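What the coordinates show
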Amino acid sequence: MNKFDVSVDTRLCKACGLCVLVCPKKVFELRDEDGKSVPVNALACIGCTQCYQICPDFAITVYKKEGALA
Ligand code: SF4
Ligand code: SF4
């Protein structure tokens, strides 16, 4: 079970694509319609927080899941 989860607030996302470029696990893709970021592969997140740190619009939240055994 993955220990982390990630979400994007689409109200804040400006579709710059920086999170797509920086994520080592290819968690994000830009949506076709409006170009905003979607965490399509959130299960692969390793909690490095690089996306959170690089997002200029504070749209990304990285969660550490409670109760993960390992
Ligand atoms: S870095 Fe932030 S603003 Fe840019 S696409 Fe990702 S979530 Fe959206
Ligand atoms: S925390 Fe790291 S692995 Fe997880 S989505 Fe962000 S950049 Fe990708």
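What counts, and at which threshold
- Residues numbered from 1 in each chain as written.
- Chains lettered and ligands numbered in written order.
- Predicted model: local features only at pLDDT ≥ 70, side-chain atom pairs only at ≥ 80, totals over all residues.
- Heavy atoms only, no water.
- Helix = DSSP H or I, 4+ residues; strand = E, 2+ residues; numbered from the N terminus.
- Buried < 20%, exposed > 50% of the residue type's maximum accessible area, 1.4 Å probe, protein only.
- Contact = heavy atoms within 4.5 Å.
- Areas by Shrake-Rupley, 256 points an atom, 1.4 Å probe, with all protein chains shown as cover.
- Lys, Arg positive; Asp, Glu negative; His and termini not counted.
- Charge placed at Lys NZ, Arg CZ, Asp CG, Glu CD.
- Near = heavy atom within 4 Å.
- Nonpolar A, V, L, I, M, F, W, Y, C, P; charged D, E, K, R; others polar.

Let us look at the overall build of the protein. Counting its regular elements, the protein contains two helices and four strands. Oriented by its inertia axes, the alpha-carbon framework of the protein measures out at about 40 × 20 × 20 Å. Going through the 70 residues of the protein one by one, you find that 27% of them count as buried. Across the protein, the fraction of contacts at a sequence separation of at least 24, relative to all contacts at a separation of at least 6, is 56%. Of the roughly 4800 Å² of accessible surface on the protein, a fraction of 56% belongs to carbon and sulfur atoms. For the protein, the separation between the mean place of its 9 positive charges and that of its 8 negative charges on side chains is 7 Å.

Right, let's talk about unusual backbone geometry for a bit. Of note, Ala15 is a non-glycine position whose phi angle comes to about 65°, a positive value. The residue Ala15 is located in the loop between strand 1 (4–8) and helix 1 (18–22) in this model. With relative accessibility at 26%, the residue Ala15 sits in the partly exposed group. One non-glycine residue, Phe58, lies in the positive phi region at around 55°. Assignment of secondary structure puts Phe58 in the loop between helix 2 (50–54) and strand 4 (60–64). Residue classification places Phe58 among the exposed residues on the basis of a relative accessible area of 67%.

A few words on the environment of Arg31. Inspection of the secondary structure assignment puts Arg31 in the loop between strand 2 (28–30) and strand 3 (37–39). What makes Arg31 partly exposed here is its relative accessible area of 28%. On a C-alpha basis, the gap between Arg31 and Gln50 in space is 20 Å, while along the polypeptide they are 19 residues apart. Arg31 has contacts with Thr10, Lys36 and Val38, leaving out every residue within four places of it along the chain.

Okay, the site of ligand 2 next. In the vicinity of ligand 2, the contacting residues are Cys23, Pro24, Lys25, Val27, Phe28, Cys45, Ile46, Gly47, Cys48, Thr49, Cys51 and Val62. Residue classes in the shell around ligand 2 are distributed as nine nonpolar, two polar and one charged.

It is worth spelling out the side chain of Ser37 at this point. Secondary-structure assignment places Ser37 in strand 3. Other than its neighbours up to four places away in sequence, Ser37 contacts Val8, Cys13, Cys19, Phe28, Glu29 and Leu30.

Close contacts around ligand 1 come from 13 residues, with Cys13, Cys16, Gly17, Cys19 and Cys55 the closest. The residue inventory of the shell around ligand 1, partitioned by class, reads nine nonpolar, two polar and two charged.

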